[in-house]
Structures are given as structure tokens and as C-alpha cells.
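Each chain, written out:
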2 protein chains.
Amino acid sequence: MGIRIGIYGYGNLGRGVELAIRQNPDLTAVGVFTRRDPSTVKTLTGLPVYSVEEAKKMQDQIDVMILCGGSATDLPKQTAALTALFNVVDSFDTHANIPMHVQNVEKVAAAAKKTALVSAGWDPGMFSLARLYSNSMLSVGKDYTFWGKGVSQGHSDAIRRIEGVADARQYTIPVQAALESVRNGENPHLATADKHERECFVVAKEGADLARIEQEIKTMPNYFADYRTTVHFISAEEMKEKHSGLPHGGVVVRTGKTGLNEEHSHVIEYSLKLDSNAEFTASVLVACARAVFRLNEGGVYGCKTMLDVPPTYFSMKNRDELIKELL
Amino acid sequence: MGIRIGIYGYGNLGRGVELAIRQNPDLTAVGVFTRRDPSTVKTLTGLPVYSVEEAKKMQDQIDVMILCGGSATDLPKQTAALTALFNVVDSFDTHANIPMHVQNVEKVAAAAKKTALVSAGWDPGMFSLARLYSNSMLSVGKDYTFWGKGVSQGHSDAIRRIEGVADARQYTIPVQAALESVRNGENPHLATADKHERECFVVAKEGADLARIEQEIKTMPNYFADYRTTVHFISAEEMKEKHSGLPHGGVVVRTGKTGLNEEHSHVIEYSLKLDSNAEFTASVLVACARAVFRLNEGGVYGCKTMLDVPPTYFSMKNRDELIKELL
């Protein structure tokens, strides 16, 4: 039956994990663990649903628990607590707090002889790997990250809190001229606001003052004031039809120099274009669960990140196949 | 003085390694080893030059030997032989023979408690890593590799062998329409000739029959006949001025599907744009030398590839810094 995976939390990410496991024949989903009343939760593929309290009784049925809670309040507590019982994977993405998170989980994992892989996904995650490799291969150079085109939930929520707004969706979009300048090796100095623009789709409540809403959006400090911001008012129908997906993506670029007088330029670019942010992140977590299982089997305990894992560990295929087919 | 590196072979790649080491303060170049008379070889930065025979007497002065010979005849013999004496890195790139090469080197390395990292560079190498990660993260999908824009030495040499040709340079160029189709997730079926076109710059000898040369190029089996091929006749001066560099690069794309009914598409793209093929490859080999040294220090012996190495091992920075800065 392969590697047995538990799914802890069942929002967008948990559903993505459920679906991703189906695409990986060496993995089996054991079930979903929820804080809600399990009888009220129906899974997409008919997976059994358990209360989070039942998890600790199921240690011998689960090889790796994938934690699908949020970074704000869930994971800072859950990851360390569950690492005492299970090998785990999480997607903790509050960048500034990652070092502390790694330290906290490390203590528990080492003592329990469990393996945890934290802050997995695409940023942090695949983008971090892209930065690490390109920095290692081009020691003299400059890094750039562009996010988008994609929906920012935080910015969408900020617009929804404005009086007169019924619904909103905000897309973060890389500024093409800035991206081209980077790709051409011009090494521009770019603040975040120079690299991104913000496009907002807003459904206004009946009779609302559109000019005031647009003004409030465009002058909102931190979120919009520093950015080139466009506001479109649309109907609820159009919102549902054209903006219900949660696409995202981005580009990591390193430009570097080599040569006797640094006369040669090189550009390394890694980019993602994702129809579903949650489903792609889930696919990454699932590959990480495979790696965690193998690390633990090999006696490698403690808190790891994607930066620590030998790449072959993520793959369904064995090393001989990978060398033959990919190298 | 850091990790002590020997450079075995002093062509374009060896010179690139010499220069790359200068950009990595934790590495020191010990010297160059050559089959030529050392007194006839002058290094770019004044490194000492030794005869290859002297290498075996210098085991205690060199932590990692970077082999800069060719894949056709040098590396199949040199890598295994030198692994008996040193930790080594090579760039063996005859794709079909890599599994056998790994096996041959493995035996020697394990017996000598040395660490070898073979087939490093960008393809095989960074492109292989890009394929491995994207395949692991998107289990259901399709892979594409485009090479170029870049100089193909093999194709340039083939043109130079035609009667009446004084000099030639051939650029392999990705077909933009094919690349766009891939990027748009259309999953086209593409043969190598559908993905690339060939642009040739030729200096003809005086009085040569240009029409015949062009015809011979365009009908040359394997090399050109299947490809859209363009031929430009230029002067020796223009060749020297505009085509003396050896740029290269390429793009690895994986397109994949997720979702309940595979309704979401994702595109992962990794691309390189390199002014100097040899200098970038050398920069990769140098990061690999660092990794090899650390693996050997940690008691990991045998023949490795870039697919086997924990990414943090390639970096000058320590793990805490990498987690803080890149994750």
C-alpha cells in the first residue's frame, strides 16, 4: 500500500493533498483529521474523516502526517506537537519566523526520533531552492524575485473591508519592463513596488460611491499606496465566472558575472505559472512526505527543510532510473 | 586557506575553473596539471603548472581534483584512475554512457574511501536537477528541453570539414513558436527538429562555390537535413568580431495537471542564458568541488551525481544563514 499519509486539516490545501496523493501510486491517503465534527466533513474522494483527537491513537497507521493548517496560528503550535507522534511535513511560510520554527521543531523531532520537513511549498520551498542553487553556481551576482500573476488573499481581504464593497479579488502582476531589465542583465535596483503592480476587481454594493472606493483602495498604506494600482468594478456574475480560481506563480532570477574581468554575463531563471496555488503547493508537500519517510527510514531525524534533502529522495523513481533518464 | 583544488587539464574548461575559484573565497587553487610540457603552459592568473605525472605525489596538498578533460576519450579513463588518489569532480556528458561511468567510478571510490561527483555542469547537471524536481512535484505531466541560443561545436566542426570553408560557427536556436506552445500548456508533440533551428555563419575560401557550400550544409544528414537551416556568408573579420564568444543556454519546461479531473494546468520553467558555456560549467564544477569535500569529510564515499547531493552542500554559506536568507 506504499507510504501511508495522514492529512491534518481540510481546507484548500488539505483537499489539494488528497488529490495529489492520487497521482502518486507509491503513496496512500489514510484519512483526514479535522477540528470540526467529522460527521459534517465530506471529502472529495471519499476518504475517512477523523477528529484530531483520534490522531494520537493512529500512530501505527500513519507514516507521515501532512499538516495543512495556516501559518498564523495553527502551525506554530501544531507542528511541534505532532512531531512528538509522527513524521510531519508543513508549509509554514511566515518568512521571518522560519529559523525559530525550525529550532522549536528540531528539539521535539530529535527527542522522538521523528523527521519533520518544514516550510515546504514554492515560496518558501522551490523558490528557495532556485535561489540556493543559483547563488552557489554564480557567486558574484544579484537576485530578484517577482511574484504573480496571482491572487493575493491578503490584498483581496483588505479591499473587502472597505465600506460599500461586496466582493473583491486582487491580482499581483510583475512589471514587465522591470522583469525585462533584469533578464537583460542590467542589474537594476528595484524596490518591491517597482517590480509589481496591483489589479483589483471589485463588486460594489448597490448605490455605493465607486469613486470613493477606488480612492480608498489606491491610497491604502502598505497594501496599495506605493504601487501602480488599477481598479475595475464588475458584476457579481463576472466575478464568479472569471475570477473564482486562485492562480499564482512568479519568477526567481539570478544574474551573475564570470571571467578574468567579469566580462561574461549569465542569467538563471526559474519560473512557475500555476492555475491553482493550493493544488501545486499540495503536490510539493506530497513529494516532501515521500522524502521525509525515506529520511526517517534511513535514521535521519530532526527538523529538515527542502534545502537539506538529497533531490532523489523526492522522486517516485529509484536512483538508477533517475541517472539513466534525467542526467 | 580553505578547500584546496587541483585543476586537471587546461583548456577552456580548466581556465574557467581557475577563474571561478577566484570568486569563491573558501576555495584555493593549488595548480594546473597538464599533459603538455609544463614550461610551455602559462596560466591566466599565474597558477603553478605541473606535469600530470606529479599529481600522485601531491595527494596531501589537494582536497579535490577537478577534471577538465573531454568526454570522448579523457574522462572515461581519467576519472576512475584519479579517484583512486583524490576526491574528484568531472563533467562527463555522453548521456548514454553515464550509468556505466557511474558504476566504474563507484568501485574505485568506495575502495579508496574517496568521493567522486560525475557528470556535473548544466546538461547533464542543473537541467537534470530541474527535471528531477519538476517531475517529483508534478507527477502527471510532460517534459521539454530546448537548447540554445548557443554555439554547437560539433555542428561548427561539421561545416568546417566542407571543401571551400575557411571557418564556421553554428548556432542552435529554439523555435519560438514551439516554445510558446509548450509554455501555453498545449502539450505539443515535438521532435528535436521541431524545437530547434540552425543558423550558420561561414567564411568561404577565395573563389569557393558558395551555392554548393550552402547546399552541402543544408542537406547534411543528422546535422542539418531535418532542420530549418539558414546560412550566412561573412568575412573573416566579421567572424572574429561578432562570433568569437561561445554563448549557450536552454530551457527545461515541465507542464503538469492537478485537480479532481486534472482541470488545473501548471508550468515549471528553468532557463539559462550564458555568455560563456565553459565559464558557467566551470562555476558549477567549483560548487560541486565544495560539496564533494564536505561529503568526504562526512564519511560519504563513492560515486555521486548532482541529483544525490543535499543542496546546502553546494553553498559557501552555512545552513543557518541559508534558512534565514533564502527560505
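Provided above is the structure to which this section pertains.
The rules behind each value
- Residues numbered from 1 in each chain as written.
- Chains lettered and ligands numbered in written order.
- Predicted model: local features only at pLDDT ≥ 70, side-chain atom pairs only at ≥ 80, totals over all residues.
- Heavy atoms only, no water.
- Helix = DSSP H or I, 4+ residues; strand = E, 2+ residues; numbered from the N terminus.
- Rg over C-alpha atoms; globule rule 2.2 N^0.38 Å.
- Buried < 20%, exposed > 50% of the residue type's maximum accessible area, 1.4 Å probe, protein only.
- Contact = heavy atoms within 4.5 Å.
- Areas by Shrake-Rupley, 256 points an atom, 1.4 Å probe, with all protein chains shown as cover.
- Least-squares fit on C-alpha atoms with pLDDT ≥ 70 in both.
- Pairing = 2+ DSSP bridges.
- Phe/Tyr/Trp six-rings, centres within 6.5 Å; stacked < 30°, edge-to-face > 60°.
- Buried area = accessible area lost by both parts, 1.4 Å probe.
- Salt bridge = Lys/Arg side-chain N within 4 Å of Asp/Glu carboxyl O.
- Polar contact = N/O pair within 3.5 Å; in protein donor to acceptor, adjacent residues only side chain to side chain.
- Nonpolar A, V, L, I, M, F, W, Y, C, P; charged D, E, K, R; others polar.

## A closer look at the overall build of chain A
Then, in step 1: From N to C terminus, chain A includes eleven helices and 14 strands.
Then, in step 2: A compact globule built from 327 residues would reach a C-alpha radius of gyration of about 20 Å, and chain A, at 22 Å, matches this within 12%.
Then, in step 3: Judged by the C-alpha coordinates and their principal axes, chain A covers about 65 × 60 × 35 Å.
Then, in step 4: Put simply, chain A has 327 residues, and 56% of those count as buried.
Then, in step 5: Intrachain contacts of chain A at a sequence separation of at least 6 include 69% that bridge at least 24 residues.
Then, in step 6: Roughly 13,600 Å² of accessible area belongs to chain A as shown, and the carbon and sulfur atoms make up 49% of that amount.

## A few points about the relation of the copies chain A and chain B
Then, in step 1: At an RMSD of 0.0 Å, chain A and chain B line up after a rotation of 180° and a shift of 0.0 Å along the axis. In the structure described here, the two chain copies are related by an operation that fits a two-fold rotation axis.
Then, in step 2: Comparing interface residues between copies, 100% of those in chain A also lie at the interface in chain B; the contact surface is shared.

## Section: the pairing of strand 9 (residues 165-174) of chain B
Residues and elements named next belong to chain B.
Then, in step 1: In terms of burial, strand 9 is a largely internal element, eight of the ten residues being buried.
Then, in step 2: One ladder, built from two bridges, connects strand 8 (residues 150-151) with strand 9; its direction is antiparallel. Following the sheet pairing, glycine 150 is matched in strand 9 by threonine 172.
Then, in step 3: Sheet analysis places strand 9 next to strand 10 (residues 196-204), joined by nine bridges and oriented antiparallel. Bridge pairing in strand 10 links threonine 172 to arginine 198.

## Side note on the packing of aromatic side chains
Then, in step 1: Inspection of the entire model under this criterion finds 13 aromatic pairs over all chains.
Then, in step 2: Centre to centre, the rings of A:Tyr8 and A:Phe33 are 6.4 Å apart; their planes meet at 25°, and the pair counts as stacked. Of this pair, A:Tyr8 sits in strand 1 (residues 3-8) while A:Phe33 sits in strand 2 (residues 27-34); the two residues are 25 residues apart in sequence, bridging distant segments of the chain.
Then, in step 3: Taken together, the ring pairs in this structure connect A:Tyr133, A:Phe314, B:Tyr133 and B:Phe314 into an aromatic cluster.

## Section: the interface of chain A and chain B
Then, in step 1: The interface is formed by 68 residues belonging to chain A together with 68 residues belonging to chain B.
Then, in step 2: Between chain A and chain B, roughly 5,900 Å² of surface is buried when both sides are summed, and carbon and sulfur atoms account for 62% of that area.
Then, in step 3: Summed over the three residues of chain A that lose the most area to chain B, namely A:Met137, A:Leu326 and A:Leu327, the buried surface amounts to 14% of that side.
Then, in step 4: In this assembly, chain A and chain B are joined by two salt bridges.
Then, in step 5: Ionic pairing is found between B:Asp308 and A:Arg319, a salt bridge with its closest N-O pair at 2.8 Å.
Then, in step 6: For the interface between chain A and chain B, the tally reads 35 residue pairs in polar contact (both at pLDDT 80 or more).
Then, in step 7: Put simply, the parts of the chain that give the side of chain A that touches chain B at least two residues each are helix 1 (12-22), helix 3 (98-112), helix 4 (126-137), strand 12 (248-258), strand 13 (264-274), helix 10 (277-297), strand 14 (302-304) and helix 11 (319-326) of chain A.
Then, in step 8: Of all the elements, strand 13 of chain A adds the most residues to the side of chain A that touches chain B, at eleven residues.
Then, in step 9: For the side of chain A that touches chain B, the class distribution of residues is 34 nonpolar, 19 polar and 15 charged.
Then, in step 10: Note: strand 13 of chain A against strand 13 (residues 264-274) of chain B, nine bridges, orientation antiparallel. When the sheet's bridge partners are listed, A:Glu269 is paired in strand 13 of chain B with B:Ser271.

## Brief notes about unusual backbone geometry
Residue and element names in this part refer to chain A.
Then, in step 1: For the bond running from aspartate 123 to proline 124, omega is 5°, close enough to zero to count as cis.
Then, in step 2: Residue placement: proline 124 occurs in the loop between strand 6 (115-117) and helix 4.
Then, in step 3: With omega at 0°, the peptide bond leading from glycine 148 into lysine 149 counts as cis.
Then, in step 4: Looking at where lysine 149 falls in the secondary structure, it is placed in the loop between strand 7 (141-147) and strand 8 (150-151).
Then, in step 5: Notably, asparagine 222 is not glycine yet its phi reads approximately 65°, a positive angle.
Then, in step 6: As for its position among the elements, asparagine 222 is in the loop between helix 8 (210-218) and strand 11 (228-233).
Then, in step 7: Take asparagine 222: its relative accessible area is 64%, and that puts it in the exposed class.
Then, in step 8: Residue glutamate 262 is not a glycine yet carries a positive backbone phi of 50°.
Then, in step 9: Mapped onto the elements of the fold, glutamate 262 is located in the loop between strand 12 and strand 13.
Then, in step 10: The class of glutamate 262 is partly exposed, set by a relative accessible area of 38%.

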